Amino acid sequence: NIDPIPGTVFALVTTGTALLAGTDSGIFRSVDHGLIWTPSMTGLSFQHVLSLLVYGSKIFVGTGTILGGPRGAGIFVSSDDGVSWKPANSAIGNYNVYSIALNGAYLFAGTDSGLYRSSNSGTTWLEVDSGVMGPTIWRLLSADSNLIAATYGTLATDYAGVLYRSADRGNSWSVIVAPYNNASALVASGTRIFEGVSDASGFVYLSDDTGIHWKLITQGEPHRVVALAVCGPNLVAASGNVGIWYI
């Protein structure tokens, strides 16, 4: 367990020179593998961060609140390793942006009002969620050439949160049979997909074949897995109540 960060951590990314954590208290940055964290919020007008993505020399951040809270301020981008930020919000506006992913040359944003795709590094966005049930796209990631989307829902709706796969940059989707609905965290390394669970079980699952088969790899600690990142040989897990852990 390394240095505590104020608030709940919702997203983690590495840039090669820094580790960034998105929290409900803003963005925090570490240049010593998480030993010391400093705030990094210049230009960020809404300091509740739900998602982060590194794309070349740019870092994208999705703002917003968890279901039921006030809406965020869409997407922001940094071109200086996460030191400062500016809006990248065309067509997304003040949606809650729960997840951002890169698939091929396209950026994707999962929001509380559908799934959006950008072909020009976030300058403009187009909605591309035909075949996906439910408006809330909770998690997104690229696994090999596939794009994986996790929706959020309940058994009281027609779209209890499930995983979807697209092999054509979001133009069409098929359902993945996963071990747990409403995945709280997803990360991929090649064809491997890790799925984290946000309840007290601390379950983390692994698929070695982009979601066809799954196995349980850890449970118990950390509780409430809300974000995952692959950092060198390690899997880094952010917990909603017990800090950041290496698995």
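Computed from a predicted model, the values in this text were never measured in an experiment.

S.K.: Where do I start with unusual backbone geometry in this structure?
M.R.: Peptide bonds are mostly trans, and most non-glycine residues show a negative phi. Of note in the backbone geometry, His 33 takes a positive phi value of approximately 60 degrees without being a glycine. The topology assignment puts His 33 in the loop between strand 3 (26-30) and strand 4 (38-39). His 33 sits in the exposed class, given a relative accessible area of 63%.

S.K.: Before we go on, may I ask you to explain the layout of surface pockets in this structure?
M.R.: It is a probe the size of a water molecule, rolled over the atoms, that shows where empty space is left. Estimates place the volume of the largest pocket at around 620 Å³. What lines the largest pocket is a set of 29 residues, and nearest its centre among them are Val 13, Leu 52, Leu 53, Ile 100 and Val 187. Breaking the lining of the largest pocket down by element, the ones donating at least two residues are strand 1 (9-14), strand 5 (49-55), strand 9 (97-103), strand 13 (137-143), strand 17 (185-189) and strand 21 (225-231). As for the second largest pocket, its lining consists of 12 residues, and the residues nearest its centre are Ile 66, Trp 138, Ser 184, Ser 198 and Val 226. When grouped by side-chain class, the residues that make up the lining of the second largest pocket number 6 nonpolar, 4 polar and 2 charged.

S.K.: What exactly am I supposed to notice about the sheet that holds strand 17 here?
M.R.: Two orientations exist for strands paired in a sheet by backbone hydrogen bonds: parallel and antiparallel. Across the sheet, which stays open at both edges, the 4 strands sit in the order 17-18-19-20 with antiparallel pairing between neighbours. In the strand order of this sheet, the two ends are held by strand 17 and strand 20 (215-218), each with one partner. Strand-to-strand twist of the sheet, defined as the mean angle between neighbouring strand axes without regard to direction, takes the value 25 degrees.

S.K.: I tried to follow the pairing of strand 17 on my own but got confused; where do I start?
M.R.: A regular strand places its side chains on the two faces of the sheet in alternate fashion. By the bridge criterion, 5 bridges tie strand 17 to strand 18 (residues 192-196) in an arrangement that is antiparallel. The residue bridging Ala 188 from the neighbouring strand is Ile 193, located in strand 18. Hairpin connection of strand 17 to strand 18: 2 residues between the antiparallel strands, including Gly 190 at a positive phi of 65 degrees.

S.K.: Quick question: what am I supposed to make of the pattern of salt bridges here?
M.R.: Oppositely charged side chains may form a pair once their charged atoms are brought near each other. With the rule as written, the count across this model stands at 4 salt bridges. We note a salt bridge from Arg 71 to Asp 112, for which the minimum N-O separation is 3.1 Å. With Arg 71 in the loop between strand 6 (58-63) and strand 7 (75-78) and Asp 112 in the loop between strand 10 (106-111) and strand 11 (114-118), the pair connects residues that are 41 residues apart, well separated along the chain. On the basis of relative accessibility, which here comes to 36%, the residue Arg 71 falls in the partly exposed class. By relative accessible area, Asp 112 is classed as buried at 16%. The salt bridge partner of Asp 208 is Lys 215, with a shortest N-O separation of 3.8 Å.

Reading guide: rules and limits
- Residues numbered from 1 in each chain as written.
- Predicted model: local features only at pLDDT ≥ 70, side-chain atom pairs only at ≥ 80, totals over all residues.
- Heavy atoms only, no water.
- Helix = DSSP H or I, 4+ residues; strand = E, 2+ residues; numbered from the N terminus.
- Buried < 20%, exposed > 50% of the residue type's maximum accessible area, 1.4 Å probe, protein only.
- 1 Å grid on protein atoms, 1.4 Å probe; cavity = no way out; pocket = protein on both sides within 12 Å on 5 of 7 lines; lining within 4 Å.
- Points joined across faces, edges and corners; volume = space filled by probe spheres on them.
- Nonpolar A, V, L, I, M, F, W, Y, C, P; charged D, E, K, R; others polar.
- Pairing = 2+ DSSP bridges.
- Axes fitted to C-alpha atoms, helices over the stretch in contact; angles between N-to-C directions.
- Salt bridge = Lys/Arg side-chain N within 4 Å of Asp/Glu carboxyl O.

Nothing here speaks to function; it is all geometry.
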